[in-house]
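# Secondary and tertiary structure notes
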Amino acid sequence: MGTGAAGGLLAYRLALAGLRVISLEQGDALPEDYFTHQNPPGNAKDFGLRPGTRFPINPHEFPFQHELYAGAAERSSSEESQSNFRQCQILRLNGLLNLWNGISLRLAPADFQSWPLGYADLESHYGQVERLIHVCGTRENLPELPDGEFIPPKDLRPADLLVRQAALKLNGFDLKAIPNRKAMETRAEKPNRCVSSGGCVAGCPVNSIYKFSTHLWPGIKDLDNYTLSLNSKALRFLGPDAAGRVQGVEVLDTQTREIRRVQAKAYVLAAGALETPRILLNSAGESCSSGLANRSGWVGRGLLDNPKVLLTTSLWKLWGSRACYDPGHGDHLLLLARAKLREGVTFRCMGQLVHQLPAVPLYLGYLHKFPQRLRPLLAKMLYRSYTTLAFFAPAAPEPGNRLVLSSHQDHYGVPQVDVRYQESEQELAMKEAMLALGRKLLRKSSGTLIFGEAAHPGLGIHYAGTCRMSASPGAGVVDENLRTFDHSNLFICDGSVIPALPEKHLTLTIMALAHRLGEHLSTAVQ
Amino acid sequence: MTSVHFSESWHCHRVDKISIQIEMHRENQTGDRRIFHWDSEAYQVLLGHLIAKSPYFRVLRKYEQQIGRIAMQNPQISKALSRIYDGNTSTGAKRKSAHDTRQHDLFVIDCFLEFIYFATDDVIRELSGDKTTAV
């Protein structure tokens, strides 16, 4: 269930191994010309405005107003929950990968401390996934960020060089600035090479960023043993039988509204860290009154998302610049740092520098305080110097941050989940510390006025922890092979199984877990 | 038959401090006059007027139809226009609150028009260093 980061890759792996596979995807596929004609990135259509754009523009929230993000009546979580946790969800083939930024980082051995498996268990899978999705980057030999198998990155631009220079000079933060690592085609001879259309989070018009539908699905779509079933929304599981095996899954055809039953030897939930527990909680029955696979009580508990801050400025050293350079794909520079809390405690944070020629004038969000007559002049200065820095911190596990079944339903009549989420004092302090670090770095890079703010919880879009992996049945939902403790033929593979969220982006790790599960299932099921 | 009347009882925020009031009347064949709340014609007239009063008029006038279509698809903009169009019939404290709402609506429209101005090809060419068109 699901065709996002894990579901797509797992289906590919299992289908090539000869298993009979059906992928259930609740949404439809986007039209082939969606990112080229219907809704291209940049200001190619309607000046970059979307029906959901709100004024005055908040530049940091603008990307999340994309029309592909599900609305209140469609998403997994209730509208009431959005005030404390803003869920971003895309109900289409590829899921969130449709607007994925592509950042692909390996976790370091130290990041696996509370996992029932270690870096060595995933290392070869990381490599195989990197070869499948083509990750660009450079080998840096950093213990906190293991190298992978890379294709060459794009060149750094003047803004990247300014910030990298400043990072070298800024003492006390263990700052490192390296070329970003993204699942993006950069090789000139490839037809889908990056064409520098700006930030990837508005969609890629040339399929340079990895997506299941463009990269892997073509290799399995004609196989007799593979079926992709679109508009098929998993409602709930049936069973379990006396042996604890799930008996089937009830699926709603979202176009005809017919409900059918799908039966299989094994089921894999890969619907995302909010939808997966929602399906399990909605599958409560006589033998499992608190939800399927929930004997431990951990389903829905421990929701995680990386605390995130954003800082925007104009780098004055770029004012008046008419230098001709490849404007690129937004974020060419990755920053690794160690920020300090007030008590002197330090924590690792991961940043990315976003710099692009702003065809969409998001900078206006900061110019309202200036008289109208000055704005054209300021816009001119800003145009080549507009720079945003994003930092992510590790998420602090809080069992109280959880999902519970809601009294609200989506427009198919399926109960949504309410999200109970509160940022801890530590997370708030980390956000403050990252803002302070970001200000120092941007000032050193010739930043002028700096507009910094903490992102709303949920806008990190690194959702994890709600069906955590653990070594013992009482402490989690799945074992190290992602099999649920309660049901031998039910597996979970998405962000929900990740028990602890370091500062690094988690998508590559989800894919590596899917690749590993593919290996496990192709032998176990056969 | 449709007629449009402008008066100067409202203060627009940053739209050249020009006051606007639009009342739209439709006379039927018997001569009755009734205010109607919304139609695309009224909408275009109101938006056209706001564009005409914008400091970015010189560029925006070329995109008037496109702006109208985008505005109609955007719930926040169309609601703001609708409220401006509906006018102010309240009194006392309610009148003050309605005044604040109207100021905010006009501010929102102003931001919307300014965003489009800075996203037009004419202006982007200038910002990016191509001097063929003046900002």
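Residues numbered from 1 in each chain as written. Chains lettered and ligands numbered in written order. Predicted model: local features only at pLDDT ≥ 70, side-chain atom pairs only at ≥ 80, totals over all residues. Heavy atoms only, no water.

### Some points on the confidence of the model for chain B
All names here are of chain B. Counted only if it meets this: Confidence of the prediction at every residue is given by pLDDT, a number between 0 and 100. Put simply, DSSP marks the helices as runs of H or I at least four residues long and the strands as runs of E at least two long, and each gets a number from the N terminus on. Residue contacts are defined here by distance: any two heavy atoms, one from each residue, within 4.5 Å place the two residues in contact.
This prediction gives chain B a mean pLDDT of 70; 59% of its residues lie at or above 70. Considering each helix and strand of chain B separately, the mean pLDDT is smallest for strand β2 (residues 21–27), with a value of 37, and largest for helix α2 (residues 57–60), with 94. Within the model, pLDDT remains below 50 along residues 1–38, and this stretch shows 92 contacts once partners closer than five positions in the same chain are excluded. Reported confidences for the modelled complex are a pTM of 0.90 and an ipTM of 0.82.

### Examining the sheet that holds strand β8 (residues 248–253) of chain A
Residue and element names in this part refer to chain A. For the record, the criterion: Paired strands, as defined in this entry, are two strands with at least two bridges between them according to DSSP. Every axis corresponds to a line fitted to the C-alpha atoms, with the helix fit spanning only the stretch in contact, and the corresponding angles, defined between N-to-C directions, vary from 0 to 180 degrees.
Strand order in the open sheet formed by 3 strands is β7-β8-β9, and the pairing between neighbours is antiparallel. Two strands bound the open sheet, and with one partner strand each, they are β7 (232–238) and β9 (259–262). Each adjacent strand pair in this sheet contributes to an overall mean axis angle of 30 degrees, direction not counted. Bridge count for β8 against β9 is 4 bridges, and the pairing is antiparallel. Within β9, the position partnered with V251 by the bridge is R260.

### Focus: the side chain of N306(A)
Residue and element names in this part refer to chain A. Using the following cut-off: Under the rule applied, a polar contact is a pair of N or O atoms within 3.5 Å (in protein, one hydrogen donor and one hydrogen acceptor; residues adjacent in sequence only if both atoms are side-chain atoms).
Of note, N306 is situated in the loop between α6 (275–282) and β11 (308–314). Separated by 2.8 Å, the side chain of N306 and the backbone oxygen of A393 make a polar contact. Within the local environment of N306, its side chain forms a polar contact with the backbone oxygen of P502, the two atoms lying 2.9 Å apart. For N306, the residues in contact, after removing those within four places along its chain, are F392, A393, P394, A395, G460, H462, L501, P502, E503 and K504.

### Side note on unusual backbone geometry
Residues and elements named next belong to chain A. Quick reminder of the rule: Here's how the labels work: a residue is buried when its accessible area is under 20% of the maximum for its type, exposed when over 50%, partly exposed in between, all with a 1.4 Å probe on protein chains only.
Following F55, the chain continues into P56 via a peptide bond in cis, with omega recorded as -5 degrees. Checked against the element boundaries, P56 lands in the loop between α2 (34–38) and α3 (119–133). With a phi angle near 60 degrees, N141 is a residue other than glycine that sits in the positive phi range. Tracing the backbone shows N141 in the loop between β2 (135–136) and β3 (150–151). Residue class for N141 comes out exposed when judged on its relative accessible area of 69%.

### Quick look at the interface of chain B and chain A
Rules: Two parts placed together each lose some accessible area under a 1.4 Å probe, and adding up what both lose gives the buried area. Salt bridges are defined as contacts in which a side-chain nitrogen from Lys or Arg sits within 4 Å of a carboxyl oxygen from Asp or Glu.
Residue-level contacts link 28 residues of chain B with 25 residues of chain A. Surface buried jointly by chain B and chain A totals about 2,500 Å² across both partners, of which 64% is contributed by carbon and sulfur atoms. Taken as a group, F115(B), F118(B) and L127(B) account for 28% of the area that chain B buries against chain A, more than any other trio of residues on that side. Measuring nitrogen to oxygen at the nearest pair gives 2.5 Å for the salt bridge that ties K380(A) to E126(B).

### Describing the environment of A73(A)
Residue and element names in this part refer to chain A. Along the chain, A73 turns up in the loop between α2 and α3. For the pair A73 and D410, spaced 337 residues apart in the sequence, the C-alpha separation amounts to 4.8 Å. Once residues lying within four places of it in the same chain are set aside, the contact partners of A73 are D410, H411 and Q416.

### Focus on the pairing of strand β16 (residues 415–420) of chain A
All names here are of chain A. Pairing geometry for strand β15 (residues 402–409) and β16, over 5 bridges, is antiparallel. Residue pairing for β16: V404 is matched across the bridge by D418. Linking β15 to β16, which pair antiparallel, is a turn of 5 residues; within it G413 sits at a positive phi near 85 degrees.

### Looking at the side chain of R157(A)
Residues and elements named next belong to chain A. Looking at the secondary structure, you find R157 in the loop between β3 and α4 (158–169). A polar atom in the side chain of R157 sits 2.8 Å from the backbone oxygen of P327. Ignoring sequence-local partners within four residues, the contact set of R157 consists of Y325, D326, P327, G328, G330, D331, H332, L353 and H355.

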